[in-house]
Amino acid sequence: VITLRCMVQFIGRETKYSGTLSAFTTIYREEGILGFFAGLIPRLLGDILSLWLCNMLAYLINTYALENGVGSALGSAPRPPFGGIQVLLLLPQVSTMTEMKSYSQAVTGFFASMLTYPFVLVSNLMAVNNCGLAGGLLPYAPTYSSWLDCWSQLHREGNMSRGNSLFFRKIPAGKRYVWE
């Protein structure tokens, strides 16, 4: 929450939070202890869903796609006369299989984070929602009553993936941006 708010204060060229200790005292004074947990529920839901998706997909890929491919390849190969030679012949394949399993974890993590990005977006918006900074108030951002209100408005406007891509940006229809 503190990190996001310190970044958002650049929008209005404000200095409400001048440091970490100052931010702690200001948030506690203005919003109480709950101010430190703004946006926590969508962040937790997104992280739990992302973790579950990542591990489930990695397990499915590693168990059914990778191991079945190796098992069928090993079963069809002729057996060498000496057991030691067989182990030497399998070492490159085991190393490749271990690498493929580690890559599958990375790919599924990327895929899961892409699917759960709307939770991160809503969490970030709620962390700065109506906090007294220009970036958390109109005209830069509407004020939301809850994270579900934020979610439904973003969904209605088709903005659930805004900011998700570094290279392929889209400007919402009907919005005008003024450059100073």
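Residues numbered from 1 in each chain as written. Predicted model: local features only at pLDDT ≥ 70, side-chain atom pairs only at ≥ 80, totals over all residues. Heavy atoms only, no water.

Colleague: Would you mind showing me how to read the overall build of the chain here?
Modeller: Secondary structure assignment for the chain yields six helices and zero strands. Traced from its N-terminal end to its C-terminal end, the chain shows the element sequence α-α-α-α-α-α. Looking at the chain residue by residue over its 180 residues, the buried ones come to 27%. Long-range pairs, those at least 24 residues apart, make up 66% of the contacts in the chain with a sequence separation of at least 6. Roughly 12500 Å² of accessible area belongs to the chain as shown, and the carbon and sulfur atoms make up 67% of that amount. (Helix = DSSP H or I, 4+ residues; strand = E, 2+ residues; numbered from the N terminus. Buried < 20%, exposed > 50% of the residue type's maximum accessible area, 1.4 Å probe, protein only. Contact = heavy atoms within 4.5 Å. Areas by Shrake-Rupley, 256 points an atom, 1.4 Å probe, with all protein chains shown as cover.)

Colleague: Would you mind going over the nonpolar core with me for this structure?
Modeller: Note that soluble globular proteins tend to have their nonpolar side chains buried in a common cluster. Among the nonpolar cores identified, the biggest contains ten residues, and these are Tyr 117, Leu 121, Val 122, Leu 125, Met 126, Tyr 144, Trp 147, Cys 150, Leu 154 and Met 160. Sorting the residues of this core by element identifies helix H5 (117-128) and helix H6 (147-157) as the ones contributing at least two each. If you tally residues by element for this core, the top one is H5, at five residues. Leaving out residues up to four positions away in the same chain, Cys 150 has contacts with Val 122, Leu 125, Met 126 and Tyr 144. If you look at the next biggest cluster of nonpolar residues, it comprises eight residues, including Val 8, Tyr 17, Ala 23 and Cys 131. (Core = buried A, V, L, I, M, F, W, Y, C linked by side-chain atoms within 4.5 Å.)

Colleague: Just checking my understanding: could you explain the pattern of salt bridges for this structure?
Modeller: Between side chains of opposite charge, a pair can form as their charged atoms come close. All chains considered together, the criterion is met by two salt bridges. The salt bridge partner of Lys 16 is Glu 30, with a shortest N-O separation of 2.8 Å. Residue Lys 16 is located in the loop between helix H1 (2-8) and helix H2 (20-31), and its partner Glu 30 is located in helix H2; the two are separated by 14 residues in the primary sequence. Residue classification places Lys 16 among the partly exposed positions, given a relative accessible area of 25%. With a relative accessible area of 44%, Glu 30 lands in the partly exposed category. (Salt bridge = Lys/Arg side-chain N within 4 Å of Asp/Glu carboxyl O.)

Colleague: Would you explain the confidence of the model for the chain in this entry?
Modeller: A residue-level look at the chain finds 78% of positions with pLDDT of 70 or above and a mean pLDDT of 82. Here residues 71-77 is modelled with pLDDT under 50, and outside its nearest four sequence neighbours on either side it reaches three contacts, counting other chains as well. Across residues 83-91, confidence stays below pLDDT 50; counting only partners more than four residues off in sequence or on other chains, it has five contacts. (pLDDT = per-residue confidence, 0-100.)

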